[in-house]
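# Remarks on the overall topology
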Amino acid sequence: MRFLPVFLDLKAGPVVLIGAGELLRAKLRVLSAAGARLRVHAIDGNLDLGLSSEDAARTEIATGDPLTAELAGVIAVVCAGAGDVGVAMSVRAKALGLPVNVMDDLEHSSFIFPAIVDRGDVVVAIGTGGTSPVVARRVREKIEALLPARIGELAEFIGGFRKSVNERIAEFPLRRRFWERVIDGSIGAAVLGGRRSEADAALKAIADPTEFARADKPEGSVALVGAGPGDPDLLTIKALRTLQDADIVFHDELVSPEILDRIRRDTARVAVGRRVGKPGIGQDAINQRMIEAAQAGQRVVRLKGGDPFVFGRGGEEVEALRAAGVAYSIIPGITAGLGGAAHFEVPLTYRQEATRITFLTAHKASDAEAVDWSTLTDTKMTVVVYMGMTAAPAVCAGLFAAGRSPETPVGVFARVTRPDAQGAIGTLRDLPELVQRISGGPAILIIGDVVRHAGSLRGDTLEKTPKQIISDLLDAAE
Ligand code: SAH
């Protein structure tokens, strides 16, 4: 290691910045964003630095020769696009023992700028010894994705309680245990989830911090996580992070193997979902097992296809967790209807043509009876049907009874966002036949004029565009 990362106190004094053009302005933005007080020598005379009024208040435009300017109290010298002046300035700064950076010139620099991940009080510096800023940027992107957005708030939250907790817990190892339990438990989760006042109240409610720190069981929790429709890249950053932290994952059958691959190797996995033909362990047993695992101190993930709150029984699970007093959180996922719309390029709303969307389920004929079809008469409403393959005839009958035209465009979209996705497009009249063409679920139906706008049918052998298919069908019907 040639360069040791250290953190410079920007409150200690001004930074002198010397340079010209866009390079100068880029460095100026970095330093201003960090909150530095700046003394800027624009050696090309262009003083249009594009500063906000707040940054401008901390920035002094220096006149005169930087090589003879007063440097007392200055904490660092930075040159960007300064040419020979930068080199001369480096010699001068080094002679005075001042840290100096000359952009893209290791020889004349005594420090270099890392790539940074900035989360308030939490800052990560990434260096490659000046060899490759592009590599540093790639590393930064990975860390950006890994670090919760509110990690800086968590540090600040703890900072606010540190003094009082230190006074109440004398021994250092116990104090560390105390903070580990706070950070890893429901209080930390509340801060990271943006529920600061809840976290505040919970920490203040700890009557005996020593006893809290000594408890041998970690505090368990359950996260209901939406896995999306299949493509692992459609997991949210938060879902991925939660999966990586889990001790045990209870997952639906519907969750794709590629997503299960993203779970840490040493995490227990339990398949609990129902699937057509297989009963699964039942909702009460699922709730019970999640609650027991959390009460035993485990970080539990309940991983569900699509979104947990769209035809996913997430509501029932949350009620059970609330009743059991278990800490929980909910992480939304991309529901199959939205995944299918994106995959097959069906805009669910369209100016003038489609102004509202209904998501409904019609699993069995009895569900179809429960649907009030008369609410679906609006031709400007796009209808997305979940679990609709077996109930296709009932869906047709219901929509016809509601007065929807048999010529209404409809798409059957199976295994959306997965490599083996398949679609079939036609009109409501042919729906039962369209469903036959699909070689297996899960599938959604999208019904409404917007289906005309679908892109080419990936995975299907048809050579016509959706628009042609539908207009040919309509011509034939006339
Ligand atoms: N919570 C899930 C829905 C669960 S109900 C979500 O938000 O997506 C199960 C139904 O979802 C299936 O019968 C099917 O209609 C739909 N579905 C789930 N994954 C799908 C996929 N990859 N492609 C098409 N439909 C899917």
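Criteria and thresholds
Residues numbered from 1 in each chain as written. Predicted model: local features only at pLDDT ≥ 70, side-chain atom pairs only at ≥ 80, totals over all residues. Heavy atoms only, no water. Helix = DSSP H or I, 4+ residues; strand = E, 2+ residues; numbered from the N terminus. Rg over C-alpha atoms; globule rule 2.2 N^0.38 Å. Buried < 20%, exposed > 50% of the residue type's maximum accessible area, 1.4 Å probe, protein only. Areas by Shrake-Rupley, 256 points an atom, 1.4 Å probe, with all protein chains shown as cover. Lys, Arg positive; Asp, Glu negative; His and termini not counted. Charge placed at Lys NZ, Arg CZ, Asp CG, Glu CD. Expected span 1.5 Å × (residues − 1). Arc of directions from axis to C-beta. Contact = heavy atoms within 4.5 Å. Near = heavy atom within 4 Å. Polar contact = N/O pair within 3.5 Å; in protein donor to acceptor, adjacent residues only side chain to side chain. Nonpolar A, V, L, I, M, F, W, Y, C, P; charged D, E, K, R; others polar. Pairing = 2+ DSSP bridges. Axes fitted to C-alpha atoms, helices over the stretch in contact; angles between N-to-C directions. Domains from an automatic or database assignment. Buried area = accessible area lost by both parts, 1.4 Å probe. Salt bridge = Lys/Arg side-chain N within 4 Å of Asp/Glu carboxyl O. Core = buried A, V, L, I, M, F, W, Y, C linked by side-chain atoms within 4.5 Å. pLDDT = per-residue confidence, 0-100. Phe/Tyr/Trp six-rings, centres within 6.5 Å; stacked < 30°, edge-to-face > 60°. Lys NZ or Arg CZ within 6 Å of the ring centre and 35° of its normal.

Okay, the overall build of the protein next. Regarding its fold elements, the protein presents 18 helices and 17 strands. Taken over the C-alpha trace, the protein has a radius of gyration of 30 Å; the compact-globule value for 478 residues is 23 Å, which it surpasses by more than 25%. The C-alpha extent of the protein, read off along each of the three principal axes, is 90 × 60 × 35 Å. Relative to its 478 residues, the protein shows a buried fraction of 43%. Looking at the protein as shown, the accessible area adds up to about 24,400 Å², and 54% of this sits on carbon and sulfur atoms. Mean positive and mean negative side-chain charge positions of the protein (56 and 60 charges, respectively) differ by 3 Å.

A few words on helix 1 (residues 21–34). The end-to-end C-alpha distance of helix 1, which contains 14 residues, comes to 21 Å, matching closely the 20 Å that a straight helix rising 1.5 Å per residue would cover. Regarding helix 1, the residues found buried are Leu24, Arg25, Lys27, Leu28, Leu31 and Ser32. Considered in projection along helix 1, the buried side chains sweep an arc of 165° and stay on one side of the axis. Looking at the buried residues of helix 1, the elements they touch are strand 1 (15–19), strand 2 (38–42), helix 2 (53–57), strand 4 (76–80) and strand 5 (100–102). Gly35, located one to two residues past helix 1, shows a positive phi value of around 95°.

Near the ligand lie 18 residues; those nearest to it are Val310, Thr335, Ala336, Met387 and Ala443. Here a nitrogen atom of the ligand sits 3.0 Å away from a polar atom, N or O, in the main chain of Gly305. In the model, a nitrogen atom of the ligand is placed 3.3 Å from a nitrogen or oxygen of the Arg415 main chain. Coverage of the ligand by the protein chains reaches 92% of its 540 Å² of free accessible surface. Residue classes in the shell around the ligand are distributed as 12 nonpolar, three polar and three charged.

The subject of this paragraph is the sheet that holds strand 14 (residues 381–386). Strand order in the open sheet made by the five strands is 13-14-17-15-16, with mixed pairing throughout. At either margin of the open sheet sits one strand with a lone partner, and together these are strand 13 (356–361) and strand 16 (422–427). The sheet shows a mean angle of 15° between the axes of neighbouring strands, taken without regard to direction. Bridging between strand 15 (residues 409–414) and strand 16 involves six bridges; their strand directions are antiparallel. Paired with Val412 across the two strands is Ala424, which belongs to strand 16. Seen against the sheet, helix 18 (residues 466–477) touches strand 15 and strand 16 and runs at an angle of roughly 30° to strand 16.

On domain assignment, one finds that the protein holds domain 1 (14–113), domain 2 (151–214), domain 3 (221–334) and domain 4 (337–477). Domain 3 and domain 4 are separated by 29 Å when their C-alpha centres are compared. Across the contact, 10 residues belong to domain 3 and 12 residues belong to domain 4. Counting the surface lost from both domain 3 and domain 4, the interface buries some 830 Å², and carbon and sulfur atoms represent 71% of this. When the buried surface of domain 3 facing domain 4 is broken down by residue, Pro229, Leu254 and Phe311 rank first, second and third, together holding 55% of it. Linking domain 3 with domain 4 are zero salt bridges, by the criterion used here. Of the residues in the side of domain 3 that touches domain 4, the class split is six nonpolar, two polar and two charged.

In this section: the nonpolar core. Across soluble globular proteins, you tend to see nonpolar side chains buried next to one another. Residues Val395, Leu431 and Ile447 are the most contacted members of the largest nonpolar core, which totals 26 residues. Only strand 14, helix 16 (392–401), strand 15, helix 17 (431–437) and strand 17 (443–447) provide two or more residues apiece to this core. Counting residues per element, this core draws most heavily on helix 16, at four residues. Sequence-distant contacts of Leu431, defined by excluding residues within four places in its chain, comprise Ala392, Val395, Cys396, Val410, Val412 and Leu445. In terms of nonpolar packing, the next biggest core, distinct from the first, is built from 24 residues, Leu147, Phe157, Trp179 and Phe212 among them.

Within the element layout of this structure, Ser90 appears in helix 3 (residues 83–96). Given a relative accessible area of 1%, Ser90 falls into the buried group.

Mean pLDDT for the protein: 91, with 96% of residues reaching 70 or above. Within the protein, no element has a lower average pLDDT than helix 15 (residues 365–370), which sits at 70, and none a higher one than strand 4, at 98.

Another point: the packing of aromatic side chains. Considering all chains together, one arrives at seven aromatic pairs under this definition. Centroid distance Phe344 to Phe413: 4.5 Å. Interplanar angle 20°. Geometry classified as stacked. Placement of Phe344 in the loop between helix 14 (336–343) and strand 13 and of Phe413 in strand 15 is noted, with a sequence separation of 69 residues between them. The class of Phe413 is buried, set by a relative accessible area of 0%. Among the aromatic residues, those joined into a ring-pair cluster are Phe178, Trp179 and Phe212. A cation over a ring is seen here: Lys27 above Phe113, with NZ or CZ 4.3 Å from the ring centre.

Moving on, we get to the sheet that holds strand 12 (residues 327–331). Two modes of strand pairing occur in sheets, parallel and antiparallel, and in both the strands are linked by backbone hydrogen bonds. On the basis of which strands lie adjacent, the open sheet formed by five strands has the order 10-9-11-8-12 and parallel pairing. Bordering the open sheet on either side are strand 10 (268–271) and strand 12, each of which pairs with just one other strand. Strand-to-strand twist across the sheet, computed as the mean angle between neighbouring axes with direction ignored, equals 20°. Note: strand 8 (residues 221–226) against strand 12, five bridges, orientation parallel.

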